[in-house]
Amino acid sequence: MRSAIIADLKKDMQKILNNISNESVPYLFLLPCLLILGSLLSVPLYKVVEYSLYDNVIVQKNPSFVGLQNYKEILSDTAFWKATLNTIIFTVGSVIGHLIIGTSLALLVNTDINPKARTLFRSLLILPWIFTAVVVAVNWQLLLNPFGIINYGLDKLGIISEPLDWLGDPSLAMWSLLLISTWRGYPFIMVSFLSGLQSIPKELYEAAEIDGAGFFGKFWHVTIPQLKPVIYGVALLDLIWTFQLFPLVWLTTGGGPGRTTEVLSTMTFRYAFVNFEFSQASTVAVSILIISAAFTIFYLRNEKSKI
Amino acid sequence: MFFKKIFTLIFAFSFAWTINASAKTEIEWLQWFAAENTRDFYEGLVDEFEAANPNISVKLVTQPFGKVRESIVTDSAVGVGSDVLGLNMPWTTGFLKSDILEPLDKYMSKGSNSFKTENLVQAPIGKINGKTWMVPLNAFPFVMHVNMDLVKKAGFSKPPSSWSELKEQAVAISNLGDGISGIGMPLSSQPPSNGPILTFLPLLYSNGGRIMNGTSPNFDNAKVVETLNFINDLKKSGAMAPGFASRTGGVDLEEFIAGRSGFLISPGVHASAVATRNPDLNYDLVRVPTNGVNAYRVHGWELGIASKSKHKEEAWKFIDFLLSKEVNAKVAKASRALPGNLDSLDLVSGGATPVMKTQMNILSGDEPVEELRQAPSAVASWSIMTEEMQSMLRGDQSAKEAATKVQSRWLDLIS
């Protein structure tokens, strides 16, 4: 009797061990990746937060712990709030620009034309996405130069009488930056929406036509509702990326003229590598992290709801 | 038996190699000089040094100018920095705050040095906190580059030598139209935002003005305001190229090389870029037009030793080699600048071009001025000047207000 109980217990134990080993296999496969990603993300993340709690790190041998003092100073600094406002304007403006241009071009390259021409246009229109930020910045600086082709064209058309300093005039610099950012970022939206458009059943458009819907009717009542999940996900992703965008702004205007195009990412860089105030830079970086994390949570929730 | 012999041979070779390798000290030289139009030149210098000093090897680390400053600071923070550092005088204050530099006084007083301290260009070796922190590899005065074709086309026979002539000729050149401008003012906010130190300071020094009083900012003085007013006047009279707030130093140079600017105030070393990139340009180089004072902003490439270097003696040996008469003359010729060791001047002047001779005359006859070693945090202070000058040229504030604001913001920077 006793030996039978022990045998049963052994069997149960074996079963549990087998279950654990079976269930742990996927985690073991994930382990190397989790370890690498964890160490690459968590260590810098921890260091940035830690740095933000000291008076000045890296350039100072014995930095002192100051708690939330840097946060208090940054939050009472008008330059920080100006940069925050600029970041919001730049991010929202860019995403709206990306969505409008990306959607329009996705509709155009989805039309039923000669397949070779369609492929050519799709390839050409995706080009801005391929260029690095440096190439984009230098090209647009040349285009927008007071003696550049844009001023020349506007002058010949009689729209302006003297050259405009697109990147150096405070009233034009942010608009110019938005134009450049829109040009650089629309291909991502275009490609994403194009795949979304191709998955919309043709029957829906046929049914809408029978109901008497025209181009705009079909667009509002068929295309937009069908693309809604894609639009929401892609717009959030674009929002997260654009919010932290640094190279394009730094290489195009350097946050100027004055500080009219200073965004939070350029402010972080300025604190770190212009002023060598790494703790203040970390403090601004943490603020970017918090806002980006909030966007990311929205994005993940949206993705989860699709499953 | 055969295998035993082979094994012994391999062992002996490995042992000898290990001994040799361990006896050799490697020093690292971080600089931007090798990136400036001198292909393989610095590699050749390193080979020459290593041949004369078989126990020292030099690792040449070349980065763009804008990156070197960042690298020195971050490398020093994590303790992996180079031994010999290529330096720029305006970086000094920031580096001293972070204890990055080793004082050079004890090395400079060595009797075995290949040069005499009194023969070095003096500006970089001037003491700060009672110590010398860097030595000059080469030197060049700030000058005015002149497009003679445009000057003649505008109806003048020779380049301007005074402020009033500069304004008159620059306006006349701008009036030629067709995208031609008299003079550019590179006041872009883009890093390193160094427009004011390229153009404003040389004009200020030729007006007898200064921005520092020892180690204290002294920006709101009458000479500064007068110079700012002159720049404002250039803008208002139409002498200045449009787009000052988006014009970088690089664009300013390119516009001159392309023949679209009459005048360019910049380091004399840019003569090599003009000569190599547009040899057809009818080009001349003159001292910056004066408002009564023959003074020039002196600039150059400097050398220092990292305070965290474990091989300071070897690092100094290499610096001493670079400052020796023959080697320093070679460096000067390669960079089309003047030597840091003025004892090499006779070697450089042999076969010197007229442009180089003009620079030599400026260097020997006029008053050298260097204030940026003591100015508050280099790039940050330039940005402040840039922003306030942009605002002044837009008409948002007067020269006096701009000077007062720079002074106040500089004081904040050092507090």
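Here we summarise the structure given alongside this text. Each residue is numbered by its place in its chain's sequence as written, counting from 1. Here chains are named by letter from A upward and ligands by number from 1 upward, in the order in which they appear as written. It should be noted that, the model being predicted, local features are given only for residues of pLDDT at least 70 and side-chain atom pairs only at 80 or more, the latter also being counted only at that level, while totals for whole chains, interfaces and linings use all residues. With hydrogens and water set aside, each side-chain value is computed from the structure's full complement of heavy atoms.

A word on the pattern of salt bridges
Right, on to step 1. The salt bridge criterion pairs a side-chain nitrogen of Lys or Arg with a carboxyl oxygen of Asp or Glu, the two atoms within 4 Å. Applying the stated criterion across every chain yields a total of 21 salt bridges over all chains.
Right, on to step 2. We note a salt bridge from R270 of chain A to E262 of chain A, for which the minimum N-O separation is 2.8 Å. Each member of the pair R270 of chain A and E262 of chain A is classed as buried.
Right, on to step 3. Salt-bridge contacts for E70 of chain B lead to K67 of chain B; the nearest nitrogen and oxygen are separated by 3.6 Å. Here K67 of chain B and E70 of chain B lie together in helix α3 (residues 65-78), a separation of three residues that amounts to about one turn. Buried means the residue's accessible area, taken with a 1.4 Å probe over protein chains only, is under 20% of the maximum for its type, while exposed means over 50%, and partly exposed covers the values in between. Numbered from the N terminus, helices here are DSSP runs of H or I no shorter than four residues, and strands are runs of E no shorter than two.

Some details on the interface of chain B and chain A
How big an interface is tends to be stated in terms of the accessible area lost upon association of its parts.
Right, on to step 1. Note on definitions: a residue-residue contact is assigned when non-hydrogen atoms from the two residues lie within 4.5 Å. Listed by partner, the interface residues are 27 residues for chain B and 27 residues for chain A.
Right, on to step 2. Each of two parts loses accessible area, computed with a 1.4 Å probe, when they are put together; buried area is these two losses added. Both sides of the chain B and chain A interface together cover about 2100 Å² of buried area, and 60% of this is carbon and sulfur.
Right, on to step 3. If you sort the residues of chain B by the area they bury against chain A, E70, Q190 and P242 of chain B come out on top, with a joint share of 20%.
Right, on to step 4. With its nearest N and O atoms 2.7 Å apart, the salt bridge here joins R259 of chain A to E387 of chain B.
Right, on to step 5. Here a polar contact means two N or O atoms within 3.5 Å. Within protein one must be a hydrogen donor candidate and the other an acceptor candidate, and residues neighboring in sequence count only if both atoms are side-chain atoms. Where chain B touches chain A, the interface holds seven residue pairs in polar contact (both at pLDDT 80 or more).
Right, on to step 6. Among the secondary structure elements, those contributing two or more residues to the side of chain B that touches chain A are α3, α4 (92-97) and α17 (378-393) of chain B.
Right, on to step 7. Ten residue types, Ala, Val, Leu, Ile, Met, Phe, Trp, Tyr, Cys and Pro, are classed as nonpolar, four, Asp, Glu, Lys and Arg, as charged, and the remainder, Gly among them, as polar. Across the side of chain B that touches chain A, the residue classes break down as nine nonpolar, 11 polar and seven charged.

Quick look at unusual backbone geometry
Right, on to step 1. The omega torsion of the bond from G256 of chain A to P257 of chain A falls at 0°, within 30 degrees of zero and hence cis.
Right, on to step 2. Positive phi outside glycine occurs at D99 of chain B, with the angle close to 55°.
Right, on to step 3. Within the secondary structure layout, D99 of chain B lies in the loop between α4 and α5 (105-108).
Right, on to step 4. In this structure, N129 of chain B takes a positive phi of about 55° despite not being glycine.

Description of the layout of surface pockets
Right, on to step 1. Its boundaries defined by the atoms lining it, the second largest pocket holds a volume of some 1000 Å³.
Right, on to step 2. Taken together, the elements giving at least two residues each to the lining of the second largest pocket come down to α2 (69-75), α3 (78-109) and α12 (264-274) of chain A together with α4, α17 and α18 (399-414) of chain B.
Right, on to step 3. A total of five residues in the lining of the second largest pocket trace back to one element, the largest contributor, which is α3 of chain A.
Right, on to step 4. Considered class by class, the residues forming the lining of the second largest pocket number 12 nonpolar, 11 polar and 10 charged. Within this scheme a cavity is a closed region of a 1 Å grid, computed over the protein atoms alone, that accommodates a 1.4 Å probe without allowing it to escape, whereas a pocket is open but has protein on both sides within 12 Å along at least five of seven lines; lining residues each have an atom within 4 Å of a point. Grid points are joined across faces, edges and corners, and a volume is the space filled by probe spheres set on the points.

Regarding the nonpolar core
Right, on to step 1. Residues grouped as a nonpolar core are buried Ala, Val, Leu, Ile, Met, Phe, Trp, Tyr and Cys residues, joined through side-chain atoms within 4.5 Å. Judged by nonpolar contacts, the single largest core of 147 residues is most densely connected at F200, I211, F219, L228 and F318 of chain B.
Right, on to step 2. Per element, the largest residue contribution to this core is nine residues, and it comes from α17 of chain B.

Examining the side chain of K218 of chain A
Right, on to step 1. With respect to the helices and strands, K218 of chain A occurs in helix α10 (residues 215-243).
Right, on to step 2. Setting aside residues no more than four positions away along its own chain, K218 of chain A makes contact with Y205, A208, E209, A213 and T223 of chain A.

As for empty space enclosed by the protein
Residues and elements named next belong to chain B.
Right, on to step 1. Tallying each qualifying case throughout the model produces three cavities of 30 Å³ or more.
Right, on to step 2. Taken as a whole, the largest cavity spans an internal volume of roughly 70 Å³.
Right, on to step 3. Along the walls of the largest cavity sit L30, I72, D75, S76, G81, S82, L85, I100, A306, S307 and K308, which together make up its complete lining.
Right, on to step 4. Ranked by the residues each element gives to the lining of the largest cavity, the list is headed by α3, at three residues.
Right, on to step 5. Along the lines of polarity and charge, the residues of the lining of the largest cavity split into five nonpolar, four polar and two charged.
Right, on to step 6. For the lining of the second largest cavity, the per-class residue count stands at three nonpolar, six polar and no charged.

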